[in-house]
Amino acid sequence: MERRTLLPRRDFLALGAAAAAAALLPGRAFAETPTGVELHGLSAFGDLKYKPDFTHFDYVNPNAPQGGTFNFSPPNWGANQSPQTFNTLNSFVPKGDSPQRMEMCFDSLMVRALDEPDAVYGLIAESVTLADDRNSFTFSLRPQARFHDGTPLTADDVAFTFKLLKDKGHPDYALSLTHLDDAAAKDTHTVELKFSGKQSARTILNVVGFPILSKAFFTANPFDSSQLNPPLGSSAYKVGRWSAGAWIEYERVPDYWGNDLPVNRGQNNFGRIRIEFYQDRTAGFEAFKKGEILYREEFTSRVWATAYDFPAFTGGKVIKHEFPAETTPSMQATAVNQRREQFKDPRVRQAIALCFDFEWTRRNFFYGSYERSQSCFEKSDFRASGMPTPQELALLEPLRDQLPPETFGEAVTQPPSDGSGRDRKQLSAALKLLAEAGWKRSGDFVLNDKGGRLTAEFLVDDETFVQVYSPWVANMKAIGIDASIRLVDSAQYQLRQSTFDFDLLSAAFNFSATPTRDDLEIFFHSRSAAVSGSRNLSGVASPAIDALIDAVGTAKDRESLTTAMRALDRALRARRDWIPSWYLANHRSAYWDMFGFPERKPDFGFPVEALWWVDKGKAAKIGKA
Amino acid sequence: MAEAAIESAPARPRRPFLSPLNQRRLQNFKANRRGYWSLWIFLFLFVLSLFSELIANDKPIIASYKGEILFPVLVAYPEEKFGGFYAVTDYRDPVIQDEINSNGWMIWPPIRYSYQTVNNAIPEPAPAKPSWLYDKTKRCSQYPKGEADENCTLGNWNWLGTDDQARDVLARVLYGFRISVLFGLILTLGSSLIGVAAGAVQGYFGGWTDLLFQRFIEIWSAIPVLYLLLIVSAILPPGFFILLGLMLLFSWVALVGVVRAEFLRARNFEYVNAARALGVPNLTIMFRHLLPNAMVATLTFLPFLLSGSISTLTSLDYLGFGLPPGSASLGELLKQAQRNLNAPWLGISGFIVISVMLSLLVFIGEATRDAFDPRKTFK
């Protein structure tokens, strides 16, 4: 039901051209961060929760016991990793399939604090210094940093890593390094990263989290996916036993150099982390039932609602627990393509939205899970609600004549239906809107003054969406819209999506916790409306929206960023370019009851393998000690 | 004398309705008991499914409204007629039902679902179990008035449960059976007409005609049909007739080989040469003298062709490249069964319908082949 789409590589390239054409406004990132001073951490607006002398993050248990084995199915993966198999242990190159969590074996310059939107704190790097132009970053490294073979980790390794990843790395790494001009070792423990000035504001926050590889190792071994030997790492875990394509174990390193660093304390508690690979999630579920796998996140509502009836669960050995999802903005919505003549009128878009009976769908298809999405920045602080605040009005007021009047009232929401599947009240409201927009009923369909039908075709690439949208289409047909669903293969889907050749198309996206101008332009700016491959699927091209995106891009601090984002949310919702669908408010976790974990889950991440620990008492109780 | 002669001349025997040859064929067909019974069962099911609209439908068959007799099954009345506003009347809607019932009456088909009618009142998230597995309270729980609701009746039962879009499986199976059989029959008929003609021409004329045609067929049959279907479905929205046309383009090849071989064998038989010497036109020779020879081989292949067409349609639907979303299709039912292992009624219904249909057709085909086989004798 829910699909997260990362921006594909191709789109980055297409959009690069658009961004280059745009006159770049001066980057505001780090505008508030002092230059020429050694900093223990970085964030977009310079606000750091943890002071230089912090001892541990608030979201960990600093006294967590260590040891035990954690056998789990990781819910997410990146770069060339695959949840189904692996044929290389190099997780940083475009080719091959590598096991999940390989990056766990490598330390990075700095690490994210998961209870702040975008703050990073030093790990290998003791401190970072900004140059005056805010495009160069000098890191001084901790002298005690070591690889697993005991050799020191030096500035040479860091410089080597960034050049290597830029040239030959997986796009997940290489793309962030596009605007890296140089990575140079100043001395054994000082390294400088120099950017061209075209980089996005968030680039450096991303880049400092990249794994640092060993120069010696990758000089002796090729940097590609041809070999199955574990690359030399530096972190709390190293590759233990493994069987290609079947399973892998990461062993805790007993004399890890960074064990007592504040950014590590209370984390990496498991003595061994084991991942087994299944071609099919059903098979993985069977292994979980048996206790072969100890932790699992459930993606299917039906399984979550009906399949947890096995003996270990009824006997209390397995726990189902919902943890709140990350508060990063996400949008799952249906784009109404305004490049099509019939959808230019917002009343038509609203009428289509009214035909969707979410309450019925939720009860009969989703087993009561999922929440109705209302905003373009759902789950986050950027979601607008109620009447606009004076600050938001200050941004919106100058644009009053270009925005729909609803922008200035209560934030637009999708009205709940009566849940009958055919809410006559909503459908008659929809029909009225169509009539106002000039669509008159004649026979089985509504026609415009030229006698044309109002056609609306859903483009989908997965049967699941045929299921969910069929009742919606039936309701549209009931009021005379010539609606249909078109199921195509994924290649064609991709093509038609990037050339905007569709009527209605649903998509799900995650924004970053601190959206930049670039992020938003891809989705909502008039500049991206004509760029093939952009995410401006509904073809929003409004000077007012552009102005609001500028307001976000030039926000000086987090508070004004939030205000601008909320104003943008109001305007987008009132325009009804996207019909919000639904979102999952929680992680659906199931685990064998033998773990301890911190009371409060951090807002911006959920790395179970790093934060949880084995609770010996509980484990003994269920016979898993 | 002359009159007497005329009177006593033996009366010209009346031609029986079936020629002796055909009588023998009928005897042979009947002698295959399994095939004979299969034919009757199949005909019964097929004729029944031809009237699916009267058996399973979301519209009443006859209604009387304000003194007027209406036939909603045949005529699409706009809802304005009953004071509503939908483009097409939703007779399942309680508002419309109340309106009609207070101004007249209506007679529903035994199953009140068509193949794409969504049951808005399923007691559990879709796919819902067959209704007889719920008790009355549960079964009626989603109707506005609960157990007292007049719509919670036998006609609204899902005898075989619902699929994962909350549609009635029994109605879908009924309509799906019909569309599959029709597809199979039309495709088989079309491809045997083309295939037999092509094989006959090749075999009869031989020489260059045969040589060139054979090479063409080799190339033609090397085209991967599935990929072609994928490509075409990217351009044209797939539908019944587009699929039929596409399948027809390739399925006729199957019969060419056997028919050609029979014609090649028989083209120089003495009686054929004699007919040719008498000046009988080629077409007549092919039809009258050679085709019957090829009939056994053709008929041997027909049941396979027929069941092959049906299973191709089913598998295309299963893969999602067959009939458009929403059509009554058995392949989609199987697909759903695979995705919803907790709903065995989907898989079981689909399996039984498809296996019964294919078995019946193969049995009938077997008996037909026996009937046309001149060498086969039955006591």
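Since the structure is predicted, the reported quantities are computational estimates derived from the model, not experimental observations.

**A word on the overall build of chain B**
- When helices and strands are tallied, chain B shows 15 helices and 3 strands.
- Since a compact globule built from 379 residues should have a radius of gyration of about 21 Å, the 28 Å found for chain B marks it as more spread out than a globular shape.
- Projected onto the principal axes, the alpha-carbon positions of chain B cover approximately 85 × 70 × 45 Å.
- Looking at chain B as a whole, 47% of its 379 residues qualify as buried.
- In chain B, 69% of the contacts between residues at least 6 apart in sequence involve partners at least 24 apart.
- Charged side chains in chain B number 33 positive and 28 negative. The centres of these two groups are separated by 12 Å.

**A word on the overall build of chain A**
- Of regular secondary structure, chain A possesses 20 helices and 26 strands.
- Computed over the C-alpha atoms, the radius of gyration of chain A is 26 Å, within 12% of the 25 Å expected from 2.2 N^0.38 for a compact globule of 625 residues.
- Its C-alpha atoms put chain A at 80 × 65 × 45 Å along the principal axes.
- Split into buried and exposed, the 625 residues of chain A put 57% on the buried side.
- Expressed as a percentage of contacts within chain A between residues at least 6 apart in sequence, the contacts between residues at least 24 apart total 71%.
- When the accessible area of chain A is evaluated, it comes to approximately 24,400 Å², of which 51% is carbon and sulfur surface.
- Charge separation in chain A, taken as the distance between the mean sites of 73 positive and 78 negative side-chain charges, equals 4 Å.

**With respect to the sheet that holds strand E8 (residues 180-187) of chain A**
Residue and element names in this part refer to chain A.
- A sheet is described by the order of its strands in space; here 5 strands give the open sequence E1-E6-E7-E9-E8, paired in antiparallel fashion. Strands at the two margins of the open sheet, each flanked by one partner only, are strand E1 (38-39) and E8.
- By the bridge criterion, 5 bridges tie strand E6 (residues 125-130) to strand E7 (residues 136-141) in an arrangement that is antiparallel. When the sheet's bridge partners are listed, Val128 is paired in E7 with Phe139.
- The strands that helix H2 (residues 155-168) touches are E7, E8 and strand E9 (190-195); relative to E8, the one it contacts most, it runs at about 165°.

**Here we look at the packing of helix H15 (residues 517-524) of chain A against helix H17 (residues 543-553) of chain A**
Residues and elements named next belong to chain A.
- Put simply, H15 and H17 touch, their axes get as near as 9 Å, and they point 165° apart. The pairing of H15 with H17 is recorded here as roughly antiparallel in orientation. Viewed along their axes, H15 and H17 form a crossing whose handedness is right-handed. Within the contact between the two elements, H15 uses Arg517, Leu520, Glu521 and Phe524 and H17 uses Ile545, Asp546, Ile549, Asp550, Val552 and Gly553.
- Taken together, the residues of the contact of H15 with H17 break down into 5 nonpolar, 1 polar and 4 charged.

**Thoughts on the interface of chain B and chain A**
- Every contact between the two is made by 37 residues of chain B and, on the other side, 31 residues of chain A.
- Applying the counting criterion to the chain B and chain A interface returns 4 salt bridges.
- In this structure, Arg422 of chain A and Asp90 of chain B form a salt bridge, with 2.8 Å as the shortest nitrogen-oxygen distance.
- There are 16 residue pairs in polar contact (both at pLDDT 80 or more) connecting chain B and chain A.
- Of all the secondary structure elements, the ones that give two or more residues to the side of chain B that touches chain A are helix H5 (94-102), helix H9 (225-235) and helix H14 (330-339) of chain B.

**Points about the pattern of salt bridges**
All names here are of chain A.
- A full pass over the atoms with the stated rule returns 53 salt bridges over all chains.
- As a salt-bridge pair, Glu249 and Arg272 come within 3.5 Å of each other at their nearest N and O atoms. Of this pair, Glu249 sits in strand E11 (residues 247-252) while Arg272 sits in strand E12 (residues 272-276); the two residues are 23 residues apart in sequence, bridging distant segments of the chain.
- Here Asp577 makes a salt bridge to Arg349, at a shortest N to O gap of 3.6 Å. Of this pair, Asp577 sits in the loop between helix H18 (558-575) and strand E22 (578-580) while Arg349 is found in helix H9 (residues 346-354), placing the two residues 228 residues apart along the sequence.

**Concerning the sheet that holds E11 of chain A**
Residue and element names in this part refer to chain A.
- Pairing within the open sheet is mixed, and its 4 strands lie in the order E3-E12-E11-E10. Unpaired on one side and paired on the other, strand E3 (69-71) and strand E10 (237-243) mark the two borders of the sheet. On average, each strand axis in the sheet is tilted by 20° relative to the strand beside it, whichever way the strands run.
- Bridge count for E11 against E12 is 5 bridges, and the pairing is antiparallel. If you follow Glu249 over to E12, its bridge partner there is Arg274.

**Overview of the pairing of strand E19 (residues 455-460) of chain A**
Residues and elements named next belong to chain A.
- In this sheet, strand E20 (residues 482-487) lies alongside E19 in parallel orientation, the contact comprising 6 bridges. Within the sheet, the bridge partner assigned to Glu457 lies in E20 and is Ser484.
- Note on the crossover from E19 through helix H13 (residues 463-478) to E20: the handedness is right-handed.
- Pairing between E19 and strand E21 (residues 504-510): 2 bridges, direction parallel. Note that in E21 the partner of Phe458 across the bridge is Leu504.

**Looking at empty space enclosed by the protein**
- Overall, the coordinates contain 9 cavities of 30 Å³ or more when judged by the stated rule.
- Computed from the structure, the largest cavity encloses a volume of approximately 100 Å³.
- The residue inventory of the lining of the largest cavity, partitioned by class, reads 8 nonpolar, 5 polar and 2 charged.

**Quick notes on the confidence of the model for chain B**
Residues and elements named next belong to chain B.
- For chain B, per-residue confidence averages 87 on the pLDDT scale, and residues scoring 70 or more make up 96% of the total.
- Model confidence for chain B, summarised as mean pLDDT per element, is weakest for helix H1 (residues 2-8) at 51 and strongest for helix H3 (residues 33-50) at 94.
- Scoring of the predicted complex yields 0.82 for pTM and 0.80 for ipTM.

**Details of the environment of Ala541 of chain A**
Residues and elements named next belong to chain A.
- On the secondary structure map, Ala541 appears in the loop between helix H16 (526-529) and H17.
- Overall, Ala541 belongs to the partly exposed group, its relative accessible area being 48%.
- When the C-alpha positions of Ala541 and Val207 are compared, they lie 32 Å apart, and in sequence the two are 334 residues distant.
- If near-sequence neighbours (up to four positions away) are discounted, Ala541 is found in contact with Ser526 and Ala529.

**A short note on the packing of aromatic side chains**
All names here are of chain A.
- Under the counting rule described, the total for this entry stands at 72 aromatic pairs over all chains.
- Judged by centre distance (5.5 Å) and plane angle (70°), the ring pair of Trp304 and Tyr308 falls under edge-to-face.
- Classification of Trp304 by relative accessible area gives buried; the value is 9%.
- Feature note: the residues Phe70, Phe72, Phe270, Tyr295, Phe323, Tyr591, Phe595, Phe597, Phe606 and Trp612 constitute an aromatic cluster, connected by ring pairs.
- Stacked on the ring of Phe445, the Lys or Arg Arg453 has its end atom at 3.9 Å from the ring centre.
- Lying over the aromatic face of Tyr370, Arg588 brings its terminal NZ or CZ to 5.7 Å of the ring centre.

**Some thoughts on the environment of Ala574 of chain A**
Residues and elements named next belong to chain A.
- Relative to the helices and strands, Ala574 is located in helix H18.
- Looking at Ala574, the relative accessible area reads 3%, which means it is buried.
- Spatially, the C-alpha atom of Ala574 lies 46 Å from that of Lys163, the residues being 411 residues apart in sequence.

**Thoughts on the packing of helix H11 (residues 253-266) of chain B against helix H13 (residues 282-319) of chain B**
Residues and elements named next belong to chain B.
- Where H11 contacts H13, the axes come no closer than 9 Å and their chain directions differ by 150°. In terms of orientation, H11 lies roughly antiparallel with respect to H13. Remark: the crossing between H11 and H13 carries right-handed chirality. Note on element contacts: H13 touches H11 through Met286, Leu290, Leu291, Asn293, Ala294, Ala297, Thr298, Phe301, Leu302 and Leu305, opposite Ala254, Leu255, Val258, Val259, Glu262, Phe263 and Ala266.
- Among the residues making up the contact of H11 with H13, the classes are represented as 14 nonpolar, 2 polar and 1 charged.

**As for the state of the cysteines**
- All chains considered together, the criterion is met by 1 disulfide over all chains.
- In this model Cys140 of chain B forms its disulfide with Cys152 of chain B; the gap between the sulfur atoms is 1.9 Å. Sign of the S-S torsion, about -75° for the bond between Cys140 of chain B and Cys152 of chain B, identifies this disulfide as left-handed. Of this pair, Cys140 of chain B sits in the loop between helix H6 (136-139) and helix H7 (169-205) while Cys152 of chain B is found in the loop between H6 and H7, placing the two residues 12 residues apart along the sequence.
- Using a relative accessible area of 12% as the deciding quantity, one classes Cys152 of chain B as buried.
- This cysteine, Cys355 of chain A, is not joined by any disulfide, and Cys376 of chain A carries the nearest cysteine sulfur, 20 Å off.
- Exposure remark for Cys355 of chain A: the relative accessible area of 0% places this residue in the buried category.

**What to know about unusual backbone geometry**
- Here the amide bond leading from Ala126 of chain B into Pro127 of chain B is cis, since omega sits at -5°, within 30 degrees of zero.
- Residue placement: Pro127 of chain B occurs in the loop between strand E3 (104-107) and H6.
- Look at Asn268 of chain A: it is not a glycine, yet its phi comes out positive at around 55°.
- Take Asn268 of chain A: it is sitting in the loop between E11 and E12.
- Phi angles above zero are rare outside glycine, and Ala166 of chain B is one such case at about 65°.
- Summarising the element assignment, Ala166 of chain B is placed in the loop between H6 and H7.

What counts and what doesn't
Residues numbered from 1 in each chain as written. Chains lettered and ligands numbered in written order. Predicted model: local features only at pLDDT ≥ 70, side-chain atom pairs only at ≥ 80, totals over all residues. Heavy atoms only, no water. Helix = DSSP H or I, 4+ residues; strand = E, 2+ residues; numbered from the N terminus. Rg over C-alpha atoms; globule rule 2.2 N^0.38 Å. Buried < 20%, exposed > 50% of the residue type's maximum accessible area, 1.4 Å probe, protein only. Contact = heavy atoms within 4.5 Å. Lys, Arg positive; Asp, Glu negative; His and termini not counted. Charge placed at Lys NZ, Arg CZ, Asp CG, Glu CD. Areas by Shrake-Rupley, 256 points an atom, 1.4 Å probe, with all protein chains shown as cover. Pairing = 2+ DSSP bridges. Axes fitted to C-alpha atoms, helices over the stretch in contact; angles between N-to-C directions. Parallel < 35°, antiparallel > 145°, perpendicular 65-115°, else oblique. Left-handed = near helix turned anticlockwise from the far one by under 90°. Nonpolar A, V, L, I, M, F, W, Y, C, P; charged D, E, K, R; others polar. Salt bridge = Lys/Arg side-chain N within 4 Å of Asp/Glu carboxyl O. Polar contact = N/O pair within 3.5 Å; in protein donor to acceptor, adjacent residues only side chain to side chain. Right-handed = clockwise from strand over helix to strand, strands pointing away. 1 Å grid on protein atoms, 1.4 Å probe; cavity = no way out; pocket = protein on both sides within 12 Å on 5 of 7 lines; lining within 4 Å. Points joined across faces, edges and corners; volume = space filled by probe spheres on them. pLDDT = per-residue confidence, 0-100. Phe/Tyr/Trp six-rings, centres within 6.5 Å; stacked < 30°, edge-to-face > 60°. Lys NZ or Arg CZ within 6 Å of the ring centre and 35° of its normal. Disulfide = S-S within 2.5 Å.

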